[in-house]
Every structure is written in structure tokens, then in C-alpha cells.
Amino acid sequence: MPKKKVYIIIVIFLVAFLAANLSYPKYLNQGINYINNFQFSIFNYQLKLPQIPDIPFKLGLDLQGGIHLLYEADLSQIEEREKSDAMAGLRDVIERRVNLFGVKEPLVQVQGERLIVELAGIIDPAEAIRQIGQTPFLEFKEQREAEETQKILDKQKEIEGKSFEEIQLIENWYLAFEDPYFKATLLTGRYLKKAELGFDQTTYQPLVLLEFNDEGAKIFEDLTSKNVGKQLAIYIDQIPISAPVVQEVISGGRAQISGKFTIEEAKELARNLNAGALPVPIKLISQQSVEPTLGKISLEKSLKAGIFGFLAIIIFMILFYRLPGILAGLALTIYIVLVLTFFKLIPVTLTLAGIGGFILSIGMAIDANILIFSRMREELRSGKNFSQSLEDYNPPTTLHSQPTHPKKEISTTRPPKSGVPGKSLDRAIEEGFRRAWPAIRDGNLTTLIVAAILFGFGTSFIKGFATTLSLGILISMFSAIIITKNFLKLFINTKFEKIKLLWL
């Protein structure tokens, strides 16, 4: 067997081993703990091997439990051309708010004048609903003097490790809970008329243009006159989004924020400013709770269905394709391990629909193997005996005419040895993959196109289905073309190649 093939197989199994332990590191970590706890008495040395990180799967709302909220925004005071930007700004603000509850990557979608908010694993639904329902609050804060900053920092250090009752006994204890670097001003979002994307006339760099109303223009002028050369921080919901330095006194109510922005960054900042400036209240019109227990039951049923489906596929492949079916089962096992590892590392939010997409991708993965094996069989059943090589034939003989005797048909070769009809296994594998590839490519490509459409226009659960299906298809193509092919090539020029029952 060529060394190159051996090295490829070793690499495949090493990757599979690593992926399997990233997906489920429990038993390997137990072994590492045992080694780490074992002390070599002769050398008085103890190993300290690192453990495999146990990254949990990211479960969606329907599996982990949580709340599904539907809000309607009041855009009656917003001009038609500004409505989409106002909704995009609200979405950004609400994403920041729900992150305060420890929700990782919450789903916040805009559908017309409505907002869909899904919070998986939320601890306090009532508090989340209260916080989300508030209109974004935009404020401008000026930089504190160094003495004020130091005083607050000292006070924060003074209350460290103390209970709230002990803190209240400290003089001016409330200073410890103030922002040490910036303090509030009279300028808030109610004075900002609009913020929009602009470009510098000389450098063409993107910037953000601000326009205040008449009252806000006066406040802004006073504020900039006192803070030339200092930072003027902009906060939404007590979270800083920008802190530009005031270059000069700004009058007239018009200003610009410049910096090393990309166009998308400048757009996002303008959206956030408009979200805090425009009166866009939202009203909760629907609330749906999913209990964690229900999610656990759904997850168990989904996993059980996946296991039964996987076993049914393996049994079918072995019965119908024999040795290639066994190899396909092994490749499919590696494929599943790789997909689960990618789900953890990306990470992909797993919902019931997402698990359905993953199970469907398993079927797509085995479909590629079926196409390849069918083409291989056709190749093996045609042409020369694949258990023979050219050396098994006698060289062709020369025929001489014999006019006195009737011509006889003389075979130019020795009769073939016994074996399975068909081409050589090596050629059959290559031809099988070559002929199956167009069908595999076109079938998977059309499925990926449909998945992209579902992801672009579908709701959250449909997006989960499209994501897992797409990822599964991409890895399945690697599994069929690389893993299965190299497994098959292990049997070239071996005694297994000559056993008819294993291939046909």
C-alpha cells in the first residue's frame, strides 16, 4: 500500500478523533484527569496535561426554553423615508438591552412595523419585557475633571468587598456608583432632529452628520464652548456608543462626527443616534413562553429520531452495497462528528427545525455515496476483469494464411482468469466518482440555493433549518469526495479486490 494513502487515512482519523473529543470531551477529560492525578514515584513528577474545553451546544428557544415576544412600533410621528432606519436603530438598541440579561446572541428581527424578540434561557421574563418596552434614551455627557474622576475612583475602591449596609455608612457613598469619567448634561435625544451618513468633501471619508433643533442648538453650543479639546460622550441606555473630541465651539445646531469609520460603522452610529432621538415607542402585542422541560423532551425525541434514522441508513447501505456500504457508514460517522464540532465552534443555534435540517443533510450525505457506488458497480460490470492486470494476458500472436486448409478463428489472448467481470478497481473508483460528481454537484448546489433563499426570507426557525442544512451539505461533499474515496482506495491491489460478494 502506498505511503501517501496511509498518511491520508491517518490524518482523516486524527481529525475525526479530535472532532469527536471536541464534540463530547467527557471521557477523554476523565482520562486526562487520571493521568494528571498520577504521580511518577521514581522521578517524583506529576504531569499537567491540559483538558479539552467542554463547549456546550447553543440551544434555541424551543429546546432551551425562554420567551418569544412580538412588539409593534408606533411610527405615526416618523416620516415615511425614515421608518426603516428608525426600526433598524430600535433593533440595535434592543439587542444591546437584552444582552444585559446574559442572553447570548438574542434574535431580534424587524418585520415591517413589528419587532420579533426571542430570548432563549432568559431568567427573568418580566424584567426583560419591562426593559425592552422602554423607548431608547440618548444622552450626551461631558468629560469630568481629573480631580472628580480620582475622587470617584477612590470611593469605588473604598466600598470594595463591603455589603450594601456597610456602604451606606461611608460618607458620600453614592459617588461610587457614578461614571468616573463622564457626567450628565442637559443635552439628550429629545433635542436631536436627525443623524445621517455623510462624506468629507476633501478626503471622502464617511462621517456622521448631526442636526439639533433650535433649543438643542443653544445647549450644544454652550456645551462645546466649555469642552474644546475634551471628549463629549454619547450614551444610549447608559451604554457609550461614541466619544468624539470637541475640536471647536459649534453653533447653528449642525455638527459632524469624523474618524476612521467604515461606511457600515458610520451608518450604524447614525441609526443608533436616530433611535434615541426619534419618539418610537413599542407595544407588546404577543408573548409566548417555552418551558425548559418541554424543550428537553423535544430535544430527546429529536435525538432519538436522528439515531434511528442513522442506524437505518447504515443497515441499508451494508445490505445493498456490502463493503462500500460499511466504508460509507464509517465515513458518515466521521461526517456527523465533524458537523457537530462545527455546530459547537461557530456556534450554530440548534432549534428543532435546525436539527431537522441536520438530519436531512445526513440523507443528502449518503445520497452522494449511493450515486458513487452505483456508478462504480456499472464500471465493474463492464470491460475487463478487474481482478486482472495486463500482465495476465499472453502477448498477441501473428496469424499466417494457410490457403490449403480452411481458416480457423484463433484467439489472440489467453482466456481470462476466473474473477469478477468489470474494470480494475482503481479505474472503477475513479470513473465512479467522475461520473457521479455532476449529479452530486448539481443536486447539492440547488439545495444550497433554496437554503439561501429560506435564510434570507424566512423566520427564525426557518433560518435555523437553512443554516444546519447548508453546513451539513458542504461537509457532506467533503466526506463523500475525500473520506469515502480514500477508504475505497485502501482495497486496491489487495485480496479483498478479488472477492465478488464484497463489490457486486
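Predicted model, so just to flag it, every value in this text is computed and none were measured. (Residues numbered from 1 in each chain as written. Predicted model: local features only at pLDDT ≥ 70, side-chain atom pairs only at ≥ 80, totals over all residues. Heavy atoms only, no water.)

### Concerning the overall build of the protein
- Along the protein, the regular secondary structure elements total 14 helices and 15 strands.
- Considering the protein as a whole, with its 504 residues, one finds that 42% of them fall into the buried category.
- Nonlocal contacts in the protein, meaning residues at least 24 apart in sequence, comprise 75% of its contacts between residues at least 6 apart.
- As displayed, the protein has an accessible area near 29,000 Å², and 60% of this comes from carbon and sulfur atoms. (Helix = DSSP H or I, 4+ residues; strand = E, 2+ residues; numbered from the N terminus. Buried < 20%, exposed > 50% of the residue type's maximum accessible area, 1.4 Å probe, protein only. Contact = heavy atoms within 4.5 Å. Areas by Shrake-Rupley, 256 points an atom, 1.4 Å probe, with all protein chains shown as cover.)

### Some words on the pattern of salt bridges
- The final tally for this structure, using the stated rule, is 21 salt bridges.
- A salt bridge links R271 to D92; its shortest N-O distance comes to 3.0 Å. Residue R271 is found in helix α9 (residues 263-277), and its partner D92 is found in helix α4 (residues 83-99); the two are separated by 179 residues along the sequence.
- Residue classification places R271 among the buried residues on the basis of a relative accessible area of 18%.
- Measuring nitrogen to oxygen at the nearest pair gives 2.8 Å for the salt bridge that ties R435 to E379. With R435 in helix α13 (residues 425-457) and E379 in helix α12 (residues 352-380), this residue pair connects regions lying 56 residues apart in the sequence.
- With a relative accessible area of 7%, E379 lands in the buried category.
- Overlapping salt bridges, with partners in common, bring together R144, E148, E178 and K183 in one network. (Salt bridge = Lys/Arg side-chain N within 4 Å of Asp/Glu carboxyl O.)

### Quick look at the sheet that holds strand β12 (residues 239-242)
- Taking strand neighbours across the sheet as the criterion, the 4 strands line up as β8-β7-β11-β12 in an open arrangement whose pairing is antiparallel. Taken across any chain shown, the strands that pair with only one partner, and hence form the sheet edges, are β8 (182-188) and β12. Strand-to-strand twist in this sheet, taken as the mean axis angle between neighbours without regard to direction, amounts to 45°.
- The pairing of strand β11 (residues 232-236) with β12 spans 3 bridges and is classified as antiparallel. (Pairing = 2+ DSSP bridges. Axes fitted to C-alpha atoms, helices over the stretch in contact; angles between N-to-C directions.)

### A look at the sheet that holds strand β14 (residues 282-290)
- As summarised here, the arrangement of the 4 strands in space is β5-β6-β4-β14, forming an open sheet in which the pairing is antiparallel. Because the sheet does not close on itself, it has two edges, and the strands there are β5 (107-111) and β14. This sheet shows a mean twist of 15° between the axes of neighbouring strands, independent of strand direction.
- Pairing of strand β4 (residues 66-73) with strand β6 (residues 114-120), which is carried by 7 bridges, proceeds in the antiparallel orientation. Bridge pairing in β6 links Y71 to L115.
- In this fold α4 packs onto β4, β5, β6 and β14, with an angle of close to 20° to the strand it touches most, β6.
- Docked against the sheet, helix α5 (residues 125-132) engages β4, β6 and β14, running at close to 20° with respect to β4.

### Remarks on empty space enclosed by the protein
- Under the definition given, this model contains 1 cavity of 30 Å³ or more.
- Each pocket or cavity is described by its volume, and for the largest cavity that value is around 50 Å³.
- Residue lining of the largest cavity: Y321, P324, F373, M376, R377, L380 and W503, and that is the complete set.
- By residue number, the principal contributor to the lining of the largest cavity is α12, which donates 4 residues. (1 Å grid on protein atoms, 1.4 Å probe; cavity = no way out; pocket = protein on both sides within 12 Å on 5 of 7 lines; lining within 4 Å. Points joined across faces, edges and corners; volume = space filled by probe spheres on them.)

### Structural notes on a nonpolar patch on the surface
- Taken together, the side chains of Y34, I35, F38 and L49 present a nonpolar region at the surface, about 400 Å² in accessible area.
- Mapping F38 onto the fold places it in the loop between α2 (26-37) and β1 (39-40).
- For F38, a relative accessible area of 42% puts it in the partly exposed group. (Patch = residues over 30% accessible without salt bridge, like charges linked within 9 Å, V, L, I, M, F, W, Y side chains within 5 Å.)

### Notes on the nonpolar core
- Counting 48 residues, the largest nonpolar core has L332 and W503 as the members making the most contacts within it.
- Elements with a contribution of two residues or more to this core: α1 (3-23), α10 (292-321), α11 (323-345), α12, α13 and α14 (460-489).
- Counting residues per element, this core draws most heavily on α11, at 12 residues. (Core = buried A, V, L, I, M, F, W, Y, C linked by side-chain atoms within 4.5 Å.)

### Examining the pairing of β11
- With 5 of 5 residues buried, β11 is to be regarded as a mostly interior element.
- Here strand β7 (residues 138-143) runs beside β11; their pairing, made up of 5 bridges, is antiparallel. In the sheet register, L138 faces β11, and the bridge partner there is I236.
- Taking the residues that link successive antiparallel strands as the turn, the β11-β12 hairpin has 2 residues, and the phi of D237 there is positive, at about 55°.

### Section: α13
- With 33 residues, α13 extends 47 Å between its outermost C-alpha atoms, agreeing within 8% with the 48 Å of an ideal straight helix rising 1.5 Å per residue.
- Taken as a whole, α13 carries its principal kink of about 35° at W437; the proline P438 stands between one and four residues after it.
- The set of residues buried in α13 consists of L425, A428, I429, G432, F433, A436, I440, N444, T447, L448 and A451. (Expected span 1.5 Å × (residues − 1). Bend = angle between axes of the 7 residues up to and from the residue.)

### So, the packing of aromatic side chains
- Tallied over the full model, the rule gives 14 aromatic pairs.
- When the centroid spacing of 6.1 Å and the interplanar angle of 80° are considered together, the rings of W173 and F177 count as edge-to-face.
- Both rings, one in F343 and one in F358, keep their centres 5.5 Å apart while their planes meet at 75°; by these two values the pair is edge-to-face. Placement of the pair is F343 in helix α11 and F358 in helix α12, with a sequence separation of 15 residues.
- Overall, the relative accessible area of 1% leaves F343 in the buried class.
- A relative accessible area of 11% means that F358 is categorised as buried.
- One cation-aromatic arrangement involves K141 over Y235; the distance from NZ or CZ to the ring centre is 4.3 Å.
- Positioned above the aromatic ring of F57, the side-chain terminus of K344 is 4.8 Å from the ring centre. (Phe/Tyr/Trp six-rings, centres within 6.5 Å; stacked < 30°, edge-to-face > 60°. Lys NZ or Arg CZ within 6 Å of the ring centre and 35° of its normal.)

### A short note on the packing of α4 against α9
- At a minimum axis separation of 8 Å, α4 and α9 run at an interaxial angle of 90°. One finds that α4 runs roughly perpendicular with respect to α9. Along the contact surface, α4 presents D85, A88, G89, L90, R91, D92, V93 and R96, while α9 presents E268, R271, N272 and A275. (Parallel < 35°, antiparallel > 145°, perpendicular 65-115°, else oblique.)

### Brief notes about unusual backbone geometry
- Cis geometry is found at the peptide bond from I346 to P347, where omega equals -15°.
- Residue placement: P347 occurs in the loop between α11 and β15 (349-350).
- For N172, which is not a glycine, the phi torsion comes out positive at approximately 55°.
- Here N172 is to be found in the loop between α7 (164-167) and β8.
- The exposure class assigned to N172 is partly exposed, which follows from its relative accessible area of 33%.
- Phi at Q238 is positive, roughly 65°, even though this residue is not glycine.
- Structurally, Q238 can be placed in the loop between β11 and β12.

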